[in-house]
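What follows is the residue order along each chain.
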Amino acid sequence: MNIIESKNLDLFYSSHQALKNINLSFPENSVSALIGPSGCGKSTFLKTLNRMNDLIDGVKVTGQILYNGKDIYASDVDVNELRKDVGMVFQKPNPFMMSIYDNIAYGPRTHGIKNKAVLDELVESSLKGAALWDEVKDRLKKSALGLSGGQQQRLCIARALAVKPKVLLMDEPTSALDPISTSKIEELVVTLKDKYTIVIVTHNMQQALRISDLTAFFLLGNLIEVGKTEELFSSPKEKKTEDYITGRFG
Amino acid sequence: MKERAIGIIFTLLGLVSVLFVLLITVYLIVSGVPAIGEIGFINFMFGKVWRSTGSDPQFGILPFILTTIWGTIGSLIIGLPIGFFSAVYLAKMAPKRIRDIFVVIIGVISGVPSVVYGLVGMLVLVPFVRTVFNLPDGASLFASIIVLAVMILPTVIKVSLTSLEAVPKDYEEASLALGATKIETYFRVSVPAARSGILTSVVLGIGRAIGEAMAVMMVAGNVANMPSIFKSVRYLTTAVAIEMSYSSGLQRQALFSIALVLFCFIMIINGILMVLRRENKDA
Amino acid sequence: MRKKPFDIYMKIFCYISIILVGLLSFSLVCYVLVKGAKNISWQLLSTSPSYLEERIGILPDIVNTIYLVITTLIVVLPLGVGAAIYLNEYATNRKLTSLIDFASETLAGIPSIIYGLAGMLIFCQFLRLKTSLLSGSLTLVMMTLPTVIRTTQESLKTVPNSYREGAFALGAGKWRVVRTVVLPSSIQGILTGCILSIGRILGESAALLFTMGFAHTLNNYFTALGSSGATLTVALYVYAKEQGEFGVAFAIAAILLILTILINLITFFLERHFERRN
């Protein structure tokens, strides 16, 4: 069952076409990796899935993105409800200048949860979900900016989990982190797929290979190839895919 | 040799501002302290009556101190919310064109000389206050509060605007990605992130309100009453300015003492500002 | 789409506030300009006041204002630019620089009435310069110094270190590098500092009441330096508050307002121009 899929998706930055006729679907409870060289459109595509591109002036999208079968670009869609369901984690850890607790509680509070007990419970379960609870449970009221980069990124994941999303979009979430923090996040991603559907943009092909079930290869705004990760890396169907993955490995 | 001499010259030029601060401080203390000694610190600071020219002169400046405090608080109550919300609008919601136009407008109203504010206040605001509230004279604490509120607006807007615009886009994106609306994001993420800058703007506004003399002198009535919203009042600044030209003896010295008190107020504000600036740099 | 009450209230507050600010500024400017335009005449601008002819003219006030601007700038520019050069190019002692920073921040926060009083004590009385244009200028030098230091320093900071290194590598001495490489690239900051200072000088009144006085006599520059004289702002105050000549006051207010607007437009475009260039 595909929870989210794109159909004939084109995206333009004013006159420049950044995505060309993308048809791609993501099955529930899977990890999908989007790979490709810089500027290939993988991040842009990721951002169409929760309409973060709306924030950029002059972006025009045609075609459809179906979330649970419903077009998210339809006029009656509440984009804030959509983003609650389709959460996002960014390249650079970006915790708010608040306490750890308030960072996690920010999303639930935004969506109207005020009950202290419910918030406490959400904060705990989200931090546990992001494998951060044990490290921070004694300093929830301290500023989130005091955490290390890797902890900050897991905090951002916990923050995204706190609004109970169905899909989690991750835009190169480990590119600003050291190898140890990176592997912690990778482990986390694998465990998260039991509950969530994850789409992750990565420039690191070993990472894609380690954690993803599906991989999609983008080049110059086109979706070149998509398939089961192992198959795509071991026997790519397209010449361009092969060039890219062997080029990097070789 | 020549290089050394030039280096020394520049060092001396650098020290000129230190010299100025020292000169001002020393002169204010030297000329302000004697009268306080003669009148008595308690009598001076907490005396409720200022009658500098009578046969039995009294020099109590409590009315001026309280007027300055109430005037400043009043102008903040009115000016701050307007300035704050305007800054949020300009920083986050306004189209670029409108933002630019307002930046120029705000530059202009912050550059308008205080006597011009005083003039308009005298001829428009004071009669207006008199008619609306049915007073014998509109020149009052209330009128001065309004003028001060207008005068601190540009300071509040300018400084808050700068710090709101400096909030990294990342923060806002994170909040939007959690399903918060843009408005929620601005007020719950951007504003807290810019809080030390916004606080700085408030302190600068306080400084401006405490230090303003001319505009206040033209609309406050300048009678040495204990402050009351529709009464004619005298601020610390105007107390100095109004009597200086015809003062002599102890009266004149007492005016210097008032200036010294005002200077202390301002130095406290400056101190707070410097702490805030340091925090800004650390953040 | 569901609308949250929080959003609606905040939006309303924002719109009300900005509309208030816009309306207020617009009506202030229009009111002063209209009232002023009615009262500005060639005669007002080109004559001195005369009790015999029952005539008010503001020529001496205009001339005094120009003298004041020139004198203040002549003194404050070398001081301010020099201090900025020291802070940015020469200073090695961190304690000293933070002392200077502290001093110039303090100066920036002192209200004009205090400057007026201190100026009176220091220049008029102690240095025996009397109530004169020179005393007034020196008082304003203290007041505008932090502005010139700050703007100059800001533009010195934007001069890339590679320029300096390039010149040093050619064996140029420090002073030569400063004079030929650093200063020319920071002309923008000095210019901005000048304009901002002019704005402050034009608008200043409280600091001048007791240092420069109220006289409306027309003098040549050197006589003026030693004599009392009202600037436009001080004249405005006197005409409005002491003499009830509101027409003249508004004429002066309109002139000051136009100058303020000009100065702001110039700084806005200067900043934009230099932003683009960088």
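As the structure is a computational prediction, the values presented were derived from the model and not from experiment. (Residues numbered from 1 in each chain as written. Chains lettered and ligands numbered in written order. Predicted model: local features only at pLDDT ≥ 70, side-chain atom pairs only at ≥ 80, totals over all residues. Heavy atoms only, no water.)

Caption draft 1: Expanded view of the overall build of chain A. Scanning chain A from terminus to terminus reveals 10 helices and 10 strands. Per-residue burial over chain A gives 54% buried out of 250 residues. Looking at chain A alone, contacts between residues at least 24 apart form 67% of all its contacts between residues at least 6 apart. Carbon and sulfur atoms provide 50% of the accessible area of chain A, an area that totals close to 10900 Å². One way to put it: in chain A the 31 positive side-chain charges average out to a point 4 Å from where the 30 negative ones average out. (Helix = DSSP H or I, 4+ residues; strand = E, 2+ residues; numbered from the N terminus. Buried < 20%, exposed > 50% of the residue type's maximum accessible area, 1.4 Å probe, protein only. Contact = heavy atoms within 4.5 Å. Areas by Shrake-Rupley, 256 points an atom, 1.4 Å probe, with all protein chains shown as cover. Lys, Arg positive; Asp, Glu negative; His and termini not counted. Charge placed at Lys NZ, Arg CZ, Asp CG, Glu CD.)

Caption draft 2: Summary view of the nonpolar core. In terms of nonpolar packing, the biggest core is built from 163 residues, with I24(B), I61(B), I258(B) and L236(C) touching the most fellow members. When residues no more than four places from it in sequence are discounted, the contact partners of I61(B) are F44(B), M45(B), G47(B), W50(B), L236(B), I258(B) and V261(B). Residues F45(A), I106(B), Y186(B) and F187(B) belong to the second largest nonpolar core, which totals 69 residues. (Core = buried A, V, L, I, M, F, W, Y, C linked by side-chain atoms within 4.5 Å.)

Caption draft 3: Molecular detail of the UniProt feature "domain: ABC transporter" (unreviewed entry) in chain A. Following the UniProt record, one finds the feature "domain: ABC transporter" (unreviewed entry) at residues 4-245 of chain A. Secondary structure across residues 4-245 of chain A divides into 37% helix and 27% strand, with the first and last C-alpha atoms of the span separated by 26 Å. (UniProt positions renumbered as here; feature names shortened; annotations may be inferred.)

Caption draft 4: Highlighting the environment of A224(C). Residues and elements named next belong to chain C. As for its position among the elements, A224 is in helix α11 (residues 221-225). Overall, A224 belongs to the buried group, its relative accessible area being 2%. For the pair A224 and S132, spaced 92 residues apart in the sequence, the C-alpha separation amounts to 7.6 Å. If sequence neighbours within four positions are ignored, A224 has contacts with N64, Y67, L133 and N219.

Caption draft 5: Spatial organisation of the sheet that holds strand β5 (residues 70-71) of chain A. Here we have four strands laid out as an open sheet, ordered β2-β1-β4-β5 (chain A), and antiparallel in their pairing. Pairing within the sheet leaves two strands with one partner each, and these edge strands are β2 (16-27) and β5 of chain A. (Pairing = 2+ DSSP bridges.)

Caption draft 6: Spatial organisation of the interface of chain C and chain B. In this assembly, 77 residues from chain C lie in contact with 75 residues from chain B. Across the chain C/chain B interface, buried area totals approximately 6800 Å², and carbon plus sulfur atoms make up 83% of it. At the junction of chain C with chain B, the criterion picks out three salt bridges. Salt-bridge contacts for E105(C) lead to R277(B); the nearest nitrogen and oxygen are separated by 3.4 Å. Counting the contacts that link chain C with chain B gives seven residue pairs in polar contact (both at pLDDT 80 or more). The dominant element in the side of chain C that touches chain B, judged by the number of residues it contributes, is helix α1 (residues 5-39) of chain C, at 17 residues. (Buried area = accessible area lost by both parts, 1.4 Å probe. Salt bridge = Lys/Arg side-chain N within 4 Å of Asp/Glu carboxyl O. Polar contact = N/O pair within 3.5 Å; in protein donor to acceptor, adjacent residues only side chain to side chain.)

Caption draft 7: Up close: the side chain of S232(B). Residues and elements named next belong to chain B. Within the fold, S232 resides in the loop between α10 (214-219) and α11 (236-244). Under the relative-accessibility criterion, S232 is labelled buried at 16%. Reaching out from S232, the side chain makes a polar contact with the backbone oxygen of G221 at a distance of 3.4 Å. Engagement of the side chain of S232 in a polar contact is seen with the backbone nitrogen of N222, the distance being 3.4 Å. Leaving out residues up to four positions away in the same chain, S232 has contacts with A139, S140, A220, G221, N222, V223 and N225.

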